[in-house]
Amino acid sequence: MSGLLPSPLLALRGIGKSFLGVRVLDGVDLQVRPGEVHAVVGENGAGKSTLMKVVSGVHLPDEGTVEFAGAPRTFRSPREAQQAGIGIVHQELTLLPERTVAENVWLGREPLRRGLVDRRAMLNRTAGLLASIGEGSLPPDTRVGRLGVAQQQVVEIVKALALDARLLIMDEPTAALADHEVDQLYALVRRLQEHGMGVLYVSHRLKEVFDLSSRITVLKDGRAVAALDTADTSADRLVRHMVGRELSSHYPDRAKPRELGPVRLTVRGGGNRKLRGIDLRLRAGEVLGVGGLQGSGRSALARALFGAVPFSTGEVAVDGTPVRPRSPRAAMRAGIAYVSEDRKGEGIVAEQSVLDNALLAVRAVRAVSAVGAVSAVRSGRIGRGARTARVRELLAAVELRAAREDQEIRFLSGGNQQKVVLARWLALAPRILLFDEPTRGIDVGARSAIHELVRRLARDGAAVLMVSSELPELLGMSDRIIVMRDGRIAGELSAGATEEDVVALAVGTAREAAG
């Protein structure tokens, strides 16, 4: 049967790569056939991103060979890889928001007529490419900044098609997509397959891997430890290859009613430009989940409570005491911590070390009044050495994988960067924790550890508000769920709710009522 299979479009043999003496890739073999979706999975730090950078010309391998379209290739730059027919859609998109779809697609390669940019030709060619993948309804003269994330991904894919790409690398393509947008991406990937394009699909979301791929390569510690036919494997088997151990598919036990403490956070009539009439109560020991579609106000709620975009109307109280979180500093003073969904924009200082990033919050509290503080860490009564030791303990607790604590955080994988951000806020022992997509871009092993950590923090008396677009996580972690729609709380659901219950409130097909 193997003789009937098409020749590989991409063949990697014995790929090795080291940085500063650290072995990142070690003898990796991988093949992608035309029209195939080949998934690459592994824990954070397994080598996935580095391998994709080798394929796309960002890094030269130290050992091994790269064959593309049947010929040995040495890509010394991304441009060389693009010219050969390899495109990539990054997790963080690289489009210019002030330019149109067509201008982004043809940037640096604009069609010319009599020495001037031929805008009509550019628009027509872009429209043709969009139509070829079933996206003809997207106007090519639309400014990219007006598009949602899903449509921007379409633009990135069309850019690759305009370069006559035969292989497309998709790096965590659904990380910022709502559920209905994920379905659209599925359809788009399948249309690319029909055109004979090979797809290298990197994802932490195992459901996507099983839905889309025909084969899976598992990386662990820089090595390809398994090459599997998707149809012949299971999620449990895949996880065992990835993490080297069994992982429970269950979430930590929810809080029992007797384990809940007094009301820790109260909001009455909260509102701003994105929120209206917010009324909620959050108790010590409780994990309150926040669901809803993208743009529904779920992230705006967390940002309002942290003072990043504060409430302009209404009242907020912490432990029964009125507070006015008009700024993040005021929120920190009240014992509120916030883990943003925008890790790169708001979560890290890229050029600083891992340890310095983890220490940012405990260093900042020295400039913050201790009024309302309940922990010695937050009030500054613990010395610098003890604070540093506590942060190191927390970095270990979230299973950080880094070569050294003094290396710049920008060299860590996205998941490991998120772990540093989590440890930073946990060092303050806050009374209220606001998590916005806490496990986005984090591998299955670390995700389980973070879920356990969140639940342990609640058991220790913290009140947790957790925004999540992943319905299994929202349902599995939450003691109660509020669902946002159009800037309001559309309804409340108790433990035991179903995905259908959440979606019905999110899209407006359920009666707005507390559950």
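Worth saying up front: this structure is predicted, and the values here are computed from it rather than measured.

Rules and cut-offs
Residues numbered from 1 in each chain as written. Predicted model: local features only at pLDDT ≥ 70, side-chain atom pairs only at ≥ 80, totals over all residues. Heavy atoms only, no water. Helix = DSSP H or I, 4+ residues; strand = E, 2+ residues; numbered from the N terminus. Rg over C-alpha atoms; globule rule 2.2 N^0.38 Å. Buried < 20%, exposed > 50% of the residue type's maximum accessible area, 1.4 Å probe, protein only. Areas by Shrake-Rupley, 256 points an atom, 1.4 Å probe, with all protein chains shown as cover. Axes fitted to C-alpha atoms, helices over the stretch in contact; angles between N-to-C directions. Parallel < 35°, antiparallel > 145°, perpendicular 65-115°, else oblique. Contact = heavy atoms within 4.5 Å. Nonpolar A, V, L, I, M, F, W, Y, C, P; charged D, E, K, R; others polar. Expected span 1.5 Å × (residues − 1). Salt bridge = Lys/Arg side-chain N within 4 Å of Asp/Glu carboxyl O. Pairing = 2+ DSSP bridges. 1 Å grid on protein atoms, 1.4 Å probe; cavity = no way out; pocket = protein on both sides within 12 Å on 5 of 7 lines; lining within 4 Å. Points joined across faces, edges and corners; volume = space filled by probe spheres on them. Domains from an automatic or database assignment.

## Some details on the overall build of the chain
Logical step 1: Counting its secondary structure elements, the chain contains 19 helices and 22 strands.
Logical step 2: A compact globule built from 515 residues should have a C-alpha radius of gyration of about 24 Å, and the chain, at 24 Å, falls within 12% of that.
Logical step 3: Overall size of the chain, expressed as C-alpha extent along the three principal axes, is 70 × 50 × 45 Å.
Logical step 4: Of all 515 residues assigned to the chain, the portion counted as buried reaches 52%.
Logical step 5: In the form shown here, the chain has an accessible surface area of approximately 22,900 Å², with 49% of it arising from carbon and sulfur atoms.

## Observations concerning the packing of helix α4 (residues 119–132) against helix α5 (residues 149–162)
Logical step 1: Orientation of α4 relative to α5, taken along the N-to-C sense of each, is 110°, at an axis distance of 10 Å. Classified by the interaxial angle, the pair formed by α4 and α5 is roughly perpendicular. Counted together, Leu129, Leu130 and Ser132 of α4 and Val154, Val158, Leu161 and Ala162 of α5 form the full contact between these two elements.
Logical step 2: Of the residues belonging to the contact of α4 with α5, the class tally is six nonpolar, one polar and no charged.

## Things to note about helix α17 (residues 444–459)
Logical step 1: Across its 16 residues, α17 extends 23 Å between first and last C-alpha, which sits within 8% of the 22 Å expected from 1.5 Å per residue.
Logical step 2: The element α17 is extensively covered by neighbouring structure, given that twelve of its 16 residues are classed as buried.
Logical step 3: In the segment just after α17, Gly461 is the residue with positive phi, at about 115°.

## Section: the pattern of salt bridges
Logical step 1: Within this structure, the stated rule accounts for 24 salt bridges.
Logical step 2: We note a salt bridge from Arg119 to Glu103, for which the minimum N-O separation is 3.1 Å. With Arg119 in helix α4 and Glu103 in helix α3 (residues 101–105), this residue pair connects regions lying 16 residues apart in the sequence.
Logical step 3: Judged by relative accessible area, which is 48%, Arg119 ranks as partly exposed.
Logical step 4: Arg455 is paired through a salt bridge with Asp479; the nearest N and O atoms lie 3.0 Å apart. Of this pair, Arg455 sits in helix α17 while Asp479 is found in the loop between α18 (471–477) and β21 (480–485), placing the two residues 24 residues apart along the sequence. Just as Arg455 is buried, Asp479 falls in that class too.
Logical step 5: Through salt bridges that share partners, Arg23, Asp26, Glu63 and Arg223 make up one connected network.

## Observations regarding the pairing of strand β11 (residues 215–220)
Logical step 1: With five of six residues buried, β11 is to be regarded as a mostly interior element.
Logical step 2: Relative to strand β12 (residues 223–229), β11 runs antiparallel, the two sharing six bridges. Residue pairing in the sheet places Val218 in a bridge with Ala226 of β12.
Logical step 3: Turn length for the β11-β12 hairpin, with the two strands adjacent in sequence and antiparallel, is two residues, and the turn residue Asp221 shows positive phi of about 55°.

## As for the layout of surface pockets
Logical step 1: Its boundaries defined by the atoms lining it, the largest pocket holds a volume of some 1,400 Å³.
Logical step 2: Lining the largest pocket are 43 residues, with Ser49, Thr50, Phe411, Leu412 and Ser413 sitting closest to its centre.
Logical step 3: Among the elements of the structure, β2 (22–32), α1 (48–55), α11 (343–347) and α16 (414–426) are those that each provide at least two residues to the lining of the largest pocket.
Logical step 4: Top element by residues in the lining of the largest pocket is α1. It accounts for five residues.
Logical step 5: The residue makeup of the lining of the largest pocket, split by class, is 13 nonpolar, 18 polar and twelve charged.

## Examining the side chain of Glu135
Logical step 1: Note that Glu135 resides in the loop between α4 and α5.
Logical step 2: Ignoring anything within four residues of it in the chain, the contact list for Glu135 reads Leu130, Val154 and Arg191.

## Comments concerning the sheet that holds strand β10 (residues 198–202)
Pairing between sheet strands relies on hydrogen bonds along the backbone, with the strands arranged either parallel or antiparallel.
Logical step 1: The sheet built from six strands is open, its strands ordered β6-β9-β10-β3-β11-β12 with mixed pairing. Strands at the two margins of the open sheet, each flanked by one partner only, are β6 (86–89) and β12. When the angles between neighbouring strand axes are averaged without regard to direction, this sheet yields 20°.
Logical step 2: Note that β6 and strand β9 (residues 167–171) share four bridges and pair parallel. Residue pairing in the sheet places Gly87 in a bridge with Leu168 of β9.

## Regarding the domain arrangement of the chain
Logical step 1: Domains assigned within the chain are domain 1 (10–243) and domain 2 (257–335 + 430–507).
Logical step 2: Between the C-alpha centres of domain 1 and domain 2 the distance comes to 34 Å.

## Section: the sheet that holds strand β20 (residues 463–467)
Logical step 1: Reading across from one edge, β18-β19-β20-β15-β21-β22 is the order of the six strands in this open sheet, with mixed pairing throughout. Pairing within the sheet leaves two strands with one partner each, and these edge strands are β18 (336–339) and β22 (488–494). The mean angle between the axes of side-by-side strands here comes to 20°, regardless of whether they run parallel or antiparallel.
Logical step 2: With four bridges joining them, strand β15 (residues 287–291) and β20 adopt parallel strand pairing. Bridged to Leu288 within β20 is Leu465.
Logical step 3: α17 contacts β15, β19 (432–436) and β20 of the sheet and is inclined by roughly 130° relative to β15.
Logical step 4: Here helix α19 (residues 499–507) sits on the sheet in contact with β21 and β22, set at roughly 30° to β21.

## Description of the environment of Glu315
Logical step 1: Position of Glu315 among the secondary structure elements: in strand β16 (residues 313–318).
Logical step 2: Considered as a pair, Glu315 and Leu129 are 186 residues apart in the sequence and their alpha carbons are 52 Å apart.
Logical step 3: Residues within four places of Glu315 in sequence aside, it is in contact with Thr266, Val267 and Arg268.

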